Every structure is written in C-alpha cells, then in structure tokens.
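An overview of the molecular structure
Residue-level listing of the chains:
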Amino acid sequence: MSEPIRVLVADDQSLLRGSFRVLIDTAPGLSTVGEAATGAEAVESARRLRPDVVLMDIRMPGMDGIEATRHIARCPETEHTRVLILTTFDLDEYVYGALRAGAAGFLLKDTSPEALLTGIRTVAAGESLLAPSVTRRLIAEFARLPAAHPAPRSSLDDLTDREREVLLLVARGLSNTDIAEYLHISHGTVKTYIGRLLSKLGARDRAQLVITAYESGLVTATSTSERRVRPGSA
C-alpha cells in the first residue's frame, strides 16, 4: 500500500482545525500530521514535519497565510510541500496574492467536503487547483492594475511556437485533457509540453505558469477572451 498523503492544517480557529482533521483522517489515503494557529507556526511546522500538503487559511494573526505560503514555497526544506489555500474571502487580491506567493490551489471554505478532499489529492499529485473562474479573476486583477511591473517578455524567447500555444491555453484555465482535445494531440504529449514549460520558465507548478504568462505580457484580458488562441498572440 502507498503511503498516505500527509497534511498540515493551518487555521486560527481551533474548531475548524479540529473539523478539518476529522474529515482528513477519516478519508482514504489521507492523514494529518499537525496543526498551526498562525502563519509563523505553519512555516515552522512545515519545515519540521515536511508534509505533502499544507491546508492554509489566509487571515491569521501575525504572519498571514500568503506570507507563510511565500516562505514555504521558497524554503529548500519544504520545496516539495504544496500549499492549498482555503479561505472565506473570494477576493481578487487574495487569489492573485496566494498564487503569486507559490500556492498550488485556492478553495473557499464553503466548498463541499468531497471537493476539499479532491483538492488535497489534486495538489499532492503535482497538479494545480486552478478552475477557469479563478483564472478569470486573475485576468481581471491584471486588467485592473495596468501599472503592475510585468516580467520581461524576453524570458519567453526560448519557447517554441507550440510551447507558447500550450502556455496560452494553460493561462486560460484549460486542463491537460482540454488542451489535448483543442490541439488534437495526446494527453501524454501535453504533459511533456507542460514539463518543458516548467523547466524552461523555472516555474514551481502550473499555477506559476499562469502567473508567468500574465506577467510576461504573453496574455492579456483581451487575448484570453478571444474564441481562438494563436501562438505568440497577446
């Protein structure tokens, strides 16, 4: 039998932490390894326990969940730990801030128990929990903040036309299956392209590919609303 997915629960409300632990510990293939009531505790516990996934609240005393996520994502000791943000606040700045800090996914606390468990398994498997609705909020955030400093477009110079096309589709929120169908290629080929993009762009995961696509200027609110996507379009 494979080892269970190890989860650290970080939330400032003890009742919620306890509820999440019960839900996770009674689910097949999942196990909690600890709790944290603050962002600083989450960072320390992640370094000490090396969980597969941190279920992270955003609003906590002292260091918030976004800053804690940033520390976890950048620390060599927790480079393989994935952060799944769970919050009651469905606001653009939280979505963008969490993903920019290195979170692998974003869920609201009113999500169903089944969706939460699926989300944990999804990010633990190396995928990103980025629904198209989240992608649309990211697009809106960039449209609202035109003064944001984009990454140099030259960072994409090493990409082939096909890799740029795949990146555009990822930025639109399409899954690997959707991309395979859209481009008429196999699912395995899509995974190969995603791997190349992660390597060439130095991205931690799929969420970071989306951020890079926006910040490089490769995609804009206009280009992502177009019916068709063309390689190299913006």
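Conventions and cut-offs
- Residues numbered from 1 in each chain as written.
- Predicted model: local features only at pLDDT ≥ 70, side-chain atom pairs only at ≥ 80, totals over all residues.
- Heavy atoms only, no water.
- Helix = DSSP H or I, 4+ residues; strand = E, 2+ residues; numbered from the N terminus.
- Contact = heavy atoms within 4.5 Å.
- Buried < 20%, exposed > 50% of the residue type's maximum accessible area, 1.4 Å probe, protein only.
- Salt bridge = Lys/Arg side-chain N within 4 Å of Asp/Glu carboxyl O.
- Pairing = 2+ DSSP bridges.
- Right-handed = clockwise from strand over helix to strand, strands pointing away.
- Axes fitted to C-alpha atoms, helices over the stretch in contact; angles between N-to-C directions.
- Core = buried A, V, L, I, M, F, W, Y, C linked by side-chain atoms within 4.5 Å.
- pLDDT = per-residue confidence, 0-100.

Overview of the overall build of the protein chain
For the protein chain, the helix and strand inventory stands at ten helices and five strands. For the protein chain, contacts bridging at least 24 residues in sequence account for 67% of all contacts bridging at least 6.

Some details on the side chain of T69
Within the secondary structure layout, T69 lies in helix 3 (residues 65-74). The class of T69 is buried, set by a relative accessible area of 0%. Those residues in contact with T69, other than ones at most four positions away along the chain, are M56, V83, I85, A98, A101, G102 and A103.

Here we look at the pattern of salt bridges
Scanning all chains against the criterion turns up eight salt bridges. Measuring nitrogen to oxygen at the nearest pair gives 2.9 Å for the salt bridge that ties E35 to R17. Of this pair, E35 sits in strand 2 (residues 30-36) while R17 sits in helix 1 (residues 14-25), and the two are 18 residues apart along the sequence. Taking relative accessible area as the criterion, E35 reaches 33% and is therefore assigned partly exposed. A relative accessible area of 12% places R17 in the buried class. Between R21 and E35 there is a salt bridge; the shortest N-O distance is 3.5 Å. Pair noted here: R21 is in helix 1 and E35 is in strand 2, with a separation of 14 residues, a long-range link. Within this structure, D11, D57 and K109 form a network of salt bridges that share partners.

A few points about the environment of L218
Along the chain, L218 falls in the segment after helix 10 (206-215). Classification of L218 by relative accessible area gives buried; the value is 0%. Each C-alpha atom, one on L218 and one on A171, is 9.5 Å from the other, the two residues being 47 residues apart in sequence.

Section: the pairing of strand 2
Bridging between strand 1 (residues 5-10) and strand 2 involves six bridges; their strand directions are parallel. The residue of strand 2 that forms the bridge with V9 is E35. Between strand 1 and its parallel partner strand 2, the chain crosses via helix 1, and the hand of that crossover is right-handed.

A short note on the sheet that holds strand 5 (residues 105-108)
Spatially, five strands are ordered 2-1-3-4-5 in an open sheet, and the strand pairing comes out parallel. The open sheet has two edge strands with one neighbour each: strand 2 and strand 5. Strand-to-strand twist of the sheet, defined as the mean angle between neighbouring strand axes without regard to direction, takes the value 25°.

Here's the deal with the nonpolar core
Judged by nonpolar contacts, the single largest core of 24 residues is most densely connected at V166, L167, V170, I179, L197, L201 and L209. Mapped onto this core, the elements with two or more residues apiece are helix 7 (161-171), helix 8 (176-183), helix 9 (187-201) and helix 10. At six residues, helix 7 tops the list of elements feeding residues into this core. When residues no more than four places from it in sequence are discounted, the contact partners of L201 are S155, L156, L159, L167, L209 and T212. Formed by 23 residues, the second largest nonpolar core is a distinct cluster that contains L49, V54, L99 and A101.

Some words on the confidence of the model for the protein chain
On average, the protein chain scores 81 in pLDDT, and the residues at 70 or more come to 78%. The model gives residues 223-234 a pLDDT under 50, and that stretch makes 28 contacts with residues more than four places away or in other chains.

Focus on unusual backbone geometry
The phi angle at R50 is positive, at roughly 50°, despite the residue not being glycine. With respect to the helices, strands and loops of the structure, R50 is situated in the loop between helix 2 (39-49) and strand 3 (53-56). Classification of R50 as partly exposed rests on a relative accessible area of 44%. In this structure, H184 takes a positive phi of about 60° despite not being glycine. Tracing the chain through its elements places H184 in the loop between helix 8 and helix 9.

Regarding helix 10
Among the ten residues that make up helix 10, ten are buried, leaving the element largely enclosed by the rest of the structure. Residues of helix 10 that are buried include every one of R206, A207, Q208, L209, V210, I211, T212, A213, Y214 and E215, and no others. Immediately beyond the C-terminal end of helix 10, within one or two residues, lies G217, with a positive phi of roughly 85°.

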